[in-house]
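# Understanding the architecture of this molecule
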Amino acid sequence: MALWTRQLSRYCLLLNAYNTMKSSELRKQSIKTWRCFLEPPDLQQLCPNRYFCQMLLKNFRILHLDNHMLFCSSSSGTSQTSLSFTDKPKTEIVSSLDTDVLLQDLEDELPLSALEEISENEALQIKAAPPPPLESFSLRDYIDHSETLRKLVLLGVDLSRVEKRPNAGQLLVKLDFENDIKKILLFLKDIGLEDTQLGAFLTKNPYILNEEVEDLKTRVNYLISKKFTKEAITQMVFRAPYLLLFSVERLDNRLGYFQNELGLNPRKTRNLVIRLPRLLTGKLEPIKENLKVYELELGFSKNEIRHIAHTVPKNLSTSKIKLTQMFDYLHNVMGIPHKLMVLFPQIFNAKLLRIKERHLFLKFLGRAQYDPGQPSYISLEKLVVLPDDVFCADVAKAEVKDFEKFLKTL
Amino acid sequence: MPEKRRWYRSGGEGEKSWSSLLLGLNSLKCPQPRQQIRFQRTVSEEDGKDLTLTVNKVPMLVDHPLVSGPIFTHLKVGAGHRLDTHSSGVFLLGVGHGTKMLTDWYNAHLTRTYTVNGVFGKATDDFSDRGKLIEKTTFDHITQEKLERIISVIQGSHHKALLQCANLDLKTQEAYELAVKGLIRPMEKSPPLITAVQCLRFAPPEFQLEIHCLHETQQYLRKIVHEIGLELKSSAVCTQVRRVRDGVFVLEDALLRTQWTLPNIQRAILQSKQKVDAELQNSLAHLKPRADYKRGWI
């Protein structure tokens, strides 16, 4: 087989040289002979593996016949241009130069057969790395082939999490670090994100790499026009990474909604949004619903709701079921009035199970006294915030072991 | 993590928080990244032509924790005998290979112990105090003596049923040997059986019972409380069902919700390993000859 390829290539060279010298009429004939040569009936008998032989033939035909045709047409092109010139020797030189170059090209394109001996230097040039897969479920397969992905990993982007987002993996594979990613990174640096925060930010929101820097800039300018300080914007962007993907109209709508619905002044609205920027990016439905729950189901006044929302913004975005369960237990079982809850709104954020356990323990000890007017009053803050050991020592005045034993009797 | 553990579950909360366990597993030392052999081309400085290849090992980027993601993403956890939403107590869980042991644990048909609280004077449609109230009765006539009498009646009838379900001829040597070891119990599916009942506290209208039983459900125990109420010419509802023992696992071994961390669970598994193995061997050993015996008959 190797011998045959060698012959083939030699034949090809000869043919090319011959073609350049002969007229264009002969060229067509040469292609014909080439084709005849490519399909010798006895060749298939020589070759033990017929399929392989056919494959090889096919490849050769595509590669070399194409080259050959190209060569023919280009040389005919030169002859046409040469016709326009009057002096002949010059054209001859040009054509011979051309053929030299073309011949070299052809030589380069020839694949080396496996059995052929190659020199040491040539061997060094060969790259033996396997090609990247055409499709894959994971970015892992591309990490060794893509400089962009490698740089993102070094930045701290968690590819294992990014690839689970819809379309995010495809986006990252297509991007180029120098052209596409660098400008976004520089923009984020301008906003004020730290180097160490960039990885975490891009993990949460890889889609920002697809945005135009101009759009992002207008959104930041909008926030600045609303008198958010630079530090505040940095904090908001980092804590709600999708903030910059939303249009100016939507941001404006949201800010207006909170200001009107809660009746806060602009400074307080800003404060609220800075502390929980998720309010701007998340869904509005649950927040609307929660406000109604506070007002109608739980019976807080408008003023109290404003206070609750302003001191602990997270209370606006907790789930409705959790909220009502918590209130039900606090108010109906523990007998805590609205007034005390407003004084310590963090209580709605606490874990119900934890409050239950502690309340029952205190009740068992006879210390469950939540009325501030009477002695040995236990505030809600003390009930919720302290860790188990401190709670047992300071509030319940009991051993942690006893507390654990008590929990096993529930 | 090839073992089984029991955890204490407080009533009403069906929590599944394996995340702390996974977190613990993933925070353990990761294996070193694999090394990739790279040939790097260097051109010698003298003539710029002479190429040499240097071999060096580079840690593979594929094994970078940010690329491969966390090593443990899920954990096989199997549950032992069921504990319904309104009951609490020792709840057996198998982790990893321990899930297979749960089958053996089921086949051993071990007894479990419950403490059951009840209140006289009420009856509800689901026998618990949360259900719809059906009737109210007086309970002044109930004394501890009367209660004990009913309890012994229940015990007696269940003992008979137990012997029937155990499928043993009581006049044989084999039955005698098993009885001496205290191992007479049905080894196949059977209706719920109570092996012992004890009154722990009697303060009308409240009372507390300790029930040792087999193949029970928590609802069945509530029904027992209801029936005790009827037998005493009154009515009763069950306020709490709490499992205090499941086979060899007792309350002291159980881990609280706040204690579900990797080191705690590991320690608990190591502590209980011997106990579990011994118990399973003991229970299944006498099952095997009986199974062979049966096969001989067929």
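This is a predicted model, so every value here is computed, not measured.

### Re the overall build of chain B
Scanning chain B for helices and strands turns up 8 helices and 12 strands. For chain B, the proportion of its 298 residues judged to be buried stands at 43%. Here the contacts in chain B between residues at least 6 apart in sequence split such that 71% fall between residues at least 24 apart. A total accessible area of about 16,800 Å² is found for chain B, and carbon and sulfur atoms account for 55% of it.

### Re the overall build of chain A
Scanning chain A for helices and strands turns up 24 helices and 0 strands. Each of the 410 residues in chain A was classed as buried or not, and the buried ones make up 39%. When contacts within chain A are restricted to residue pairs at least 6 apart in sequence, long-range pairs at least 24 apart make up 69% of them.

### Here we look at the UniProt feature "domain: Pseudouridine synthase II N-terminal" (unreviewed entry) in chain B
In the numbering used here, UniProt assigns the "domain: Pseudouridine synthase II N-terminal" (unreviewed entry) feature to residues 72-217 of chain B. This span, residues 72-217 of chain B, is 28% helix and 32% strand, and a straight line between its end C-alpha atoms measures 35 Å.

### Quick word on the pattern of salt bridges
Applying the stated criterion to the full structure yields 18 salt bridges over all chains. In this structure, E295 of chain A and K302 of chain A form a salt bridge, with 4.0 Å as the shortest nitrogen-oxygen distance. Here E295 of chain A falls in the partly exposed class, since its relative accessible area comes to 27%. Between R257 of chain B and E357 of chain A there is a salt bridge, with the nearest N and O atoms lying 2.9 Å from each other. Residue R257 of chain B is located in the loop between strand 12 (249-250) and helix 7 (262-285), and its partner E357 of chain A is located in helix 21 (residues 352-365); the two belong to separate chains. Given a relative accessible area of 11%, E357 of chain A falls into the buried group.

### Topic: the packing of helix 17 (residues 285-297) of chain A against helix 18 (residues 302-311) of chain A
Residue and element names in this part refer to chain A. The N-to-C vectors of helix 17 and helix 18 enclose an angle of 135 degrees; their axes lie 10 Å apart at closest approach. As the angle between them shows, helix 17 and helix 18 are arranged oblique. Considering only the axes of helix 17 and helix 18, their crossing is right-handed. Along its contact with helix 17, which presents L291, Y294 and E295, the element helix 18 presents K302, I305 and I308. Tallied by class, residues from the contact of helix 17 with helix 18 come to 4 nonpolar, no polar and 2 charged.

### Comments concerning a positive patch on the surface
All names here are of chain A. Side chains of R239, R278, K314, K322, K351 and R354 sit close together on the surface and give a patch of like positive charge. Along the chain, K351 falls in the loop between helix 20 (338-343) and helix 21. With relative accessibility at 59%, the residue K351 sits in the exposed group.

### Focus: the nonpolar core
Side chains of nonpolar character tend, in soluble globular proteins, to be buried together. Residues and elements named next belong to chain A. By size, the foremost hydrophobic cluster in this structure holds 49 residues, and its most contacted members are F258, F300, F348, I355 and L383. The element best represented in this core is helix 19 (residues 320-333), accounting for 5 residues. Beyond its immediate chain neighbours, meaning those up to four positions away, F348 contacts Y294, F300, I308, N315, K322, L323, M326, F327 and M341. Counting 48 residues, the second largest nonpolar core, distinct from the first, contains L152, L171, L216 and Y222.

### Let's talk about the environment of N271 of chain A
Relative to the helices and strands, N271 of chain A resides in helix 15 (residues 266-275). Taking the C-alpha atoms as reference, N271 of chain A lies 9.3 Å from F228 of chain A; in sequence the two are 43 residues apart.

### Some points on the packing of helix 12 (residues 213-225) of chain A against helix 14 (residues 248-262) of chain A
All names here are of chain A. At a minimum axis distance of 10 Å, the contact between helix 12 and helix 14 shows a crossing angle of 25 degrees. Comparing their axes, helix 14 and helix 12 come out roughly parallel. Seen from above, helix 12 lies across helix 14 with right-handed handedness. Across from T218, R219 and Y222 in helix 12, the residues of helix 14 making contact are V248, L251, D252 and L255. Across the contact of helix 12 with helix 14, the residue classes break down as 4 nonpolar, 1 polar and 2 charged.

### Comments concerning the side chain of Q369 of chain A
Residue and element names in this part refer to chain A. Mapped onto the secondary structure, Q369 falls in the loop between helix 21 and helix 22 (380-385). From its side chain, Q369 meets the backbone oxygen of P375 in a polar contact 2.7 Å long. Among residues more than four places away in sequence, those in contact with Q369 are Q374, P375, S376, Y377 and I378.

### Description of the confidence of the model for chain B
Residues and elements named next belong to chain B. Per-residue pLDDT for chain B averages 80, and the proportion of residues at 70 or more is 85%. Predicted confidence for residues 1-7 stays below pLDDT 50, and this span has 56 contacts to residues more than four positions away or in other chains. Across residues 9-17 the pLDDT falls below 50, and counting only partners more than four positions away or on other chains, this stretch makes 20 contacts in the model. Across the predicted assembly, pTM comes out at 0.71 and ipTM at 0.78.

### Digging into unusual backbone geometry
Residues and elements named next belong to chain B. The linkage connecting P204 with the following residue, P205, adopts the cis geometry, with an omega of 5 degrees. Looking at the element boundaries, P205 is found in the loop between strand 9 (193-203) and strand 10 (206-214). The phi torsion at H109 lies on the positive side, around 50 degrees, for a residue other than glycine. Mapped onto the elements, H109 comes out in the loop between helix 3 (98-107) and strand 6 (112-120). Positive phi outside glycine occurs at K233, with the angle close to 60 degrees.

### Things to note about a nonpolar patch on the surface
Residues and elements named next belong to chain B. Residues I37, F39, L53 and V55 make up a contiguous nonpolar surface patch of roughly 400 Å² in combined accessible area. Of all the secondary-structure elements, those providing two or more residues to the nonpolar patch are strand 2 (35-43) and strand 3 (51-59). Following the sequence through the fold, F39 ends up in strand 2. The exposure class of F39 is exposed, given its relative accessible area of 55%.

### Some details on the packing of aromatic side chains
Residue and element names in this part refer to chain A. For the structure shown, the criterion picks out 12 aromatic pairs over all chains. On the basis of an interplanar angle of 70 degrees and a centroid distance of 5.9 Å, the ring pair of F300 and F327 is categorised as edge-to-face. Placement of F300 in the loop between helix 17 and helix 18 and of F327 in helix 19 is noted, with a sequence separation of 27 residues between them. Chaining the aromatic ring pairs together yields one cluster made of F361, F364, F391, F403 and F406. Lying across the ring of F238, K204 places its NZ or CZ 5.7 Å from the centre.

What counts and how
Residues numbered from 1 in each chain as written. Chains lettered and ligands numbered in written order. Predicted model: local features only at pLDDT ≥ 70, side-chain atom pairs only at ≥ 80, totals over all residues. Heavy atoms only, no water. Helix = DSSP H or I, 4+ residues; strand = E, 2+ residues; numbered from the N terminus. Buried < 20%, exposed > 50% of the residue type's maximum accessible area, 1.4 Å probe, protein only. Contact = heavy atoms within 4.5 Å. Areas by Shrake-Rupley, 256 points an atom, 1.4 Å probe, with all protein chains shown as cover. UniProt positions renumbered as here; feature names shortened; annotations may be inferred. Salt bridge = Lys/Arg side-chain N within 4 Å of Asp/Glu carboxyl O. Axes fitted to C-alpha atoms, helices over the stretch in contact; angles between N-to-C directions. Parallel < 35°, antiparallel > 145°, perpendicular 65-115°, else oblique. Left-handed = near helix turned anticlockwise from the far one by under 90°. Nonpolar A, V, L, I, M, F, W, Y, C, P; charged D, E, K, R; others polar. Patch = residues over 30% accessible without salt bridge, like charges linked within 9 Å, V, L, I, M, F, W, Y side chains within 5 Å. Lys, Arg positive; Asp, Glu negative; His and termini not counted. Charge placed at Lys NZ, Arg CZ, Asp CG, Glu CD. Core = buried A, V, L, I, M, F, W, Y, C linked by side-chain atoms within 4.5 Å. Polar contact = N/O pair within 3.5 Å; in protein donor to acceptor, adjacent residues only side chain to side chain. pLDDT = per-residue confidence, 0-100. Phe/Tyr/Trp six-rings, centres within 6.5 Å; stacked < 30°, edge-to-face > 60°. Lys NZ or Arg CZ within 6 Å of the ring centre and 35° of its normal.

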